[in-house]
Each structure stands twice: as C-alpha cells, then as structure tokens.
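What follows is the residue order along each chain.
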Amino acid sequence: MDTAPSAQPLPTTAPADGNRRRVATAAALASAVEWYDYFVFGIAAALVLGDLYFPAGSPTAGVLASFATFAVGFLARPLGGIVAGQLGDKRGRKPMLVLALTLMGLATTGIGLLPTYETIGVAAPILLVLFRVLQGIAVGAQWGGAMLMATEYAPEGKRGIYGSFVQLGVPIGVVTANTVFLLAGAFTTDAEFAAWAWRVPFLVGLFVLALAWYIHTRVEETPEFREAEKRLAEKEKSEQSSPLRTILRGHLGTVLLAGGSFAVNTATFYIIITGVLDYTTRELGMKKSAVLTVSLCISLTQLVLIPAAAALSDKIGRIRIYAIGAAGIGLWAVPLFLLIDTGSLLWLAVGTFVASCFLSIMYGPQAALFAELFTPEMRYTGASLGYQIAAVLGGGLAPFMMVLLLETTDTSMAVSGYIIGLSVIALLSIKVLADRARSR
C-alpha cells in the first residue's frame, strides 16, 4: 500500500543564520544558472535551430524537429533525477548539485560551439540531441539537490519561503536568457544573428563551472541529511535498501500523484515561453524582440509572486495554495489564447501575465510540498522523480504538442483544451494527496 510520510522534524542543532543565508543564496544561484542554460535552448529552438540543424522540409517541419530535440532533454530528466537521487540520498545533496552544474556547463558550451548541418552534415543534429540529453540529465539532477539544500536548512515554519528561493531560479533563468538573446539580436543583423550571435547565450554557460567550484568549496552539507546519514549508518547493511527500491515498493503512488499534480504547470509554462514565441512570430507576424520583451517583463513579476505564494503557504497550508494555482491555470486557458490571437502586443502581455500569476501561485509552495511528501532517507529520489515525471508529461511535450495541435486543427482552442485536460488531472491528483494527508 502506498503511503506519503509527513515531513520529518528539523534537526535539534540548528545552523547559524549566516550559514543558512549562504546556502540559500548558493542554492538559488545554482538553480538560476542551471535553468538559464536550459532555457536558452528553448528560445533558440523557437528562433534558429530548425533552420540550422534540421534544414530539410518546410519551416514547420524544422520547428517541429527542433522542438522534438527540446523535448528529448525532458525525457532525459528522470534519468538525472534517479541517478542523482540514489547518490544524493546516500552520499549527500551537495556533491550531486556540484556534478549537475558541471555537466550543464559543459553541455551548454558544447552547443554554443557546435557546427551546423551545412558544415558537418547529419553529425550536427546528432550531436545537438546528445548535448540536449546531457542538459536534461543535468537539470534532472540539479533540482532535487538545490531544493533540498534550501529546504533542509530552513528554520521551522519557513520551509515554503526557503524552497521558493530555488524556485526563483526559473524566472531568473528566463529573464537572463531572454535578455541575452535580446542583446544579441539588438546589436546584430538577422543574418549575423543566424550566423553566430545566437551562440553567445550558450557560451555564457561557462560561468556555471565557477559556481560549481564555489559550492564545492564553501557550502556545507545539509543538517537533515547528516542526521539521516547517521540513522542509515546504524542499520545493518543487509537491512538497507536503495532509495529507488524503497520508493518503487512503497511510495510509487505518491510519486505519480506528485507528477500528475504538476504537469499542467510545466506544460503551460513552456507553452508560454517557447510555444507562444514560435506561434506569435511565425503565424501571427509579431516581432521577435517585442515578444521576447513581453516574456522578460512577465518573468520579472514572478520574482515577487513566487516567494509571496510560498510565504502564504507557510501560514495557511501548501495544498490550498497549490490547488488555487492549478484551478486558475485551467480556467484561464481559453481567455489566454483568445487574447494572444488578437495579434496585439498589449493583449499578449495581459494574457500571459495572468497565466504567469497562476503559475507562480502554484510554483511557490511546490518545492516544500514535494520535500514534505518523503522522509530524508528517500527525499532526493522521491521529490526528483515526481518533479521530472511532470516535466516529461508536461513541459517536454508541450511546445511540440502546441505546434502539432495548431497544424492539425487550425485553431488555438485545441491548445487551450490540452491545458484544461492537464488542469483536471492536476486537481484530481491534489485531491488524493490532500485526502491522504488528512487520513494520516
């Protein structure tokens, strides 16, 4: 029978406030630079990768191919979550976070230096897919490590707000990625952008390696893991079970419910930042720089909304805030695309702003909520799997599904229906998680 254990008490020996702040800052920076590296691929996929690496066929076919490569990174994320979760639950959160950052920095730089199809032929898209897989493994490993570094250092009653520091990495990554692409486009012609300027955002990924070294040398392991490590050491080796085996035997239902609850958030988010970028520029004729500017401004508002929602969840409960966000996403799905279809930059901004508000309401408490579903001995594995399952089912397929639905149905309402369906799944999953929490 599946169970969802409640959060474990914080260690009796609390870390110093200065150390807490340093760890929270390091975790937030790790999340920000990791997501920056991950998002530059999505923006590039919408703007240039189709022509440069998949030149055969129609423009739509090229975009579909580049978005399929974008999705491959999501398919690799559970692998990163499983491997890092196993090692992170046994060896520590910090080593896995450092490894994830190093892998991401190398893979992103590799994409920035990769020759195009015109230069090396079919090897170009093959290597692009390989680097994207490595990006997926890295981000799958990173989220659990950064999230646990923050939440397991949190003072009592503040897990939500500490977890939101890591969640802020997403809007910071989007803002930074969009800013770098805007600057690259502003100072070059369209031909120069396609020839070399698009590579600049990828080469910025080298700075990830410096952050990895800082965390390796200056940040301590979390108190909760150290206590869990002592408990594990007291057991006989014959009695120990791998975290993954424990999850699959006793807590698989919780993992699947966590994934089902969050898929609508990841799907809608990637539809807005990548799918809408392609749709508005290719189908509606809107300017690339204008759409990127809207995306950047919307992401800035999330820097306020995410921690606000997380702080509120510390006071009135995570499930309640989380469910409000999921319901709002579903209710706004139709108005969102009715506004986008006007082709007006103002209404695009209004539609995506409201959608981002609901995304932030849901995303703020999510790190703490997922951490509290599992005990420290299996927390990295369980929380990472739940998150990455949502990423595969929602985020990875969403831009591809959006283009496919638009091409086959010739109406954006099909995309709205896709979002509504995921919202219903989310609300049902949240209800079951809430019922289990009450029964405990």
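Our structure is the block above this text.
Everything quoted here is computed from the prediction, not taken from an experiment. (Residues numbered from 1 in each chain as written. Predicted model: local features only at pLDDT ≥ 70, side-chain atom pairs only at ≥ 80, totals over all residues. Heavy atoms only, no water.)

Novice: Is there a simple way to explain the overall build of the chain in this structure?
Specialist: Within the chain, the secondary structure is distributed over 20 helices and zero strands. By the burial criterion, 58% of the 440 residues in the chain qualify as buried. Contacts spanning at least 24 positions in sequence make up 88% of the contacts within the chain whose residues lie at least 6 apart. Roughly 17,000 Å² of accessible area belongs to the chain as shown, and the carbon and sulfur atoms make up 68% of that amount. (Helix = DSSP H or I, 4+ residues; strand = E, 2+ residues; numbered from the N terminus. Buried < 20%, exposed > 50% of the residue type's maximum accessible area, 1.4 Å probe, protein only. Contact = heavy atoms within 4.5 Å. Areas by Shrake-Rupley, 256 points an atom, 1.4 Å probe, with all protein chains shown as cover.)

Novice: Help me understand a positive patch on the surface in this model?
Specialist: Taken together, the side chains of Lys90, Arg91, Arg245 and Arg249 make up a positively charged region of the molecular surface. For the positive patch, the secondary-structure elements that each account for two or more residues are α2 (59-91) and α12 (243-250). (Patch = residues over 30% accessible without salt bridge, like charges linked within 9 Å, V, L, I, M, F, W, Y side chains within 5 Å. Salt bridge = Lys/Arg side-chain N within 4 Å of Asp/Glu carboxyl O. Lys, Arg positive; Asp, Glu negative; His and termini not counted. Charge placed at Lys NZ, Arg CZ, Asp CG, Glu CD.)

Novice: Help me out: how do you make sense of helix α19 (residues 398-409) in this one?
Specialist: Spacing of three or four residues puts side chains on the same side of an α-helix, whose turn is 3.6 residues. Between its first and last C-alpha, α19 extends 16 Å over twelve residues, near the 16 Å set by a 1.5 Å rise per residue. Phi turns positive one or two residues past the end of α19, at aspartate 410, with a value near 60°. (Expected span 1.5 Å × (residues − 1).)

Novice: Explanation requested: the packing of helix α15 (residues 318-340) against helix α20 (residues 413-439) in the structure shown.
Specialist: Packed helix pairs are specified by the crossing angle of their axes together with the interaxial distance, meaning the distance between the axes. For the pair α15 and α20, interaxial distance at closest approach is 8 Å and the crossing angle is 170°. Looking at the two axes, α15 sits roughly antiparallel to α20. Contact residues: α15 offers Ile319, Tyr322, Ala323, Ala326, Ala327, Ile329, Gly330, Ala333, Val334, Phe337 and Leu338, while α20 offers Met413, Val415, Ser416, Ile419, Ile420, Ser423, Ala426, Leu427, Ile430, Leu433 and Ala434. (Axes fitted to C-alpha atoms, helices over the stretch in contact; angles between N-to-C directions. Parallel < 35°, antiparallel > 145°, perpendicular 65-115°, else oblique.)

Novice: How should I be thinking about unusual backbone geometry in this particular structure?
Specialist: Residues other than glycine predominantly adopt negative phi, and peptide bonds predominantly adopt the trans conformation. Not every positive phi belongs to a glycine, and aspartate 410 is a case in point at roughly 60°. Locating aspartate 410 in the fold gives a position in the loop between α19 and α20.

Novice: Is there a simple way to explain helix α14 (residues 288-316) in this structure?
Specialist: Over its 29 residues, α14 extends 41 Å from the first C-alpha to the last, a length consistent with the 42 Å expected when each residue adds 1.5 Å. Its axis deflected by about 30° at leucine 303, α14 carries its strongest bend there, up to four residues before the proline proline 307. Remark: glycine 317 follows α14 within two positions and exhibits a positive phi of approximately 110°. (Bend = angle between axes of the 7 residues up to and from the residue.)

Novice: What am I meant to see in the nonpolar core here?
Specialist: Nonpolar side chains in soluble globular proteins generally cluster together in the buried interior. Phe39, Tyr53, Tyr270, Ile271, Phe337 and Phe370 are the most contacted members of the largest nonpolar core, which totals 127 residues. The element best represented in this core is helix α1 (residues 17-53), accounting for 18 residues. (Core = buried A, V, L, I, M, F, W, Y, C linked by side-chain atoms within 4.5 Å.)

Novice: Honestly, the pattern of salt bridges in this entry has me stumped. Any pointers?
Specialist: Oppositely charged side chains may form a pair once their charged atoms are brought near each other. Under the definition given, this model contains five salt bridges. The partner of arginine 282 in a salt bridge is aspartate 278, and the shortest N-O contact between them spans 2.9 Å. Residue arginine 282 and its partner aspartate 278 are both found in helix α13 (residues 252-283); the two are separated by four residues, about one turn of the helix. Using a relative accessible area of 2% as the deciding quantity, one classes aspartate 278 as buried. The partner of lysine 431 in a salt bridge is aspartate 435, and the shortest N-O contact between them spans 3.0 Å.

Novice: Please clarify how the environment of alanine 146 should be interpreted in this entry.
Specialist: Structurally, alanine 146 is set in helix α5 (residues 123-151). You can call alanine 146 buried: its relative accessible area is 0%. For the pair alanine 146 and valine 166, spaced 20 residues apart in sequence, the C-alpha separation works out to 6.5 Å. In this structure alanine 146 touches Ala27, Leu97 and Val166, once residues within four positions along its chain are discounted.

Novice: I keep staring at the side chain of threonine 109 and nothing clicks. Help me out?
Specialist: Position of threonine 109 among the secondary structure elements: in helix α3 (residues 93-113). If we ignore the near neighbours within four places in the chain, the residues touching threonine 109 are Phe202, Leu203, Gly205 and Leu206.

Novice: What should I look at first to understand a nonpolar patch on the surface in this one?
Specialist: A cluster of nonpolar residues, Val334, Leu338, Ile420, Val424 and Leu428, forms a patch on the protein surface that exposes about 410 Å² of accessible area. For the nonpolar patch, the elements supplying multiple residues, two or more each, are α15 and α20. The greatest single-element share of the nonpolar patch, amounting to three residues, is contributed by α20. Note on placement: leucine 338 falls in helix α15.

Novice: I would appreciate a short explanation of the packing of aromatic side chains in the present structure.
Specialist: To describe a pair of aromatic rings, you give the distance between the ring centres and the angle between the ring planes. A full pass over the atoms with the stated rule returns eight aromatic pairs. Their ring planes at 85° and their centres at 6.2 Å tell us that tyrosine 53 and tryptophan 198 sit as a pair that is edge-to-face. Taken together, the residues span a long stretch of sequence, with tyrosine 53 in helix α1 and tryptophan 198 in the loop between α8 (190-195) and α9 (200-203) at a distance of 145 residues. Of the two residues examined, tyrosine 53 and tryptophan 198, each falls in the buried class. Between phenylalanine 262 and tyrosine 363 the ring centres are 5.8 Å apart and the planes differ by 20°, which places this aromatic pair in the stacked class. One end of the pair, phenylalanine 262, is in helix α13; the other, tyrosine 363, is in helix α16 (residues 345-363), with 101 residues separating them in the sequence. (Phe/Tyr/Trp six-rings, centres within 6.5 Å; stacked < 30°, edge-to-face > 60°.)

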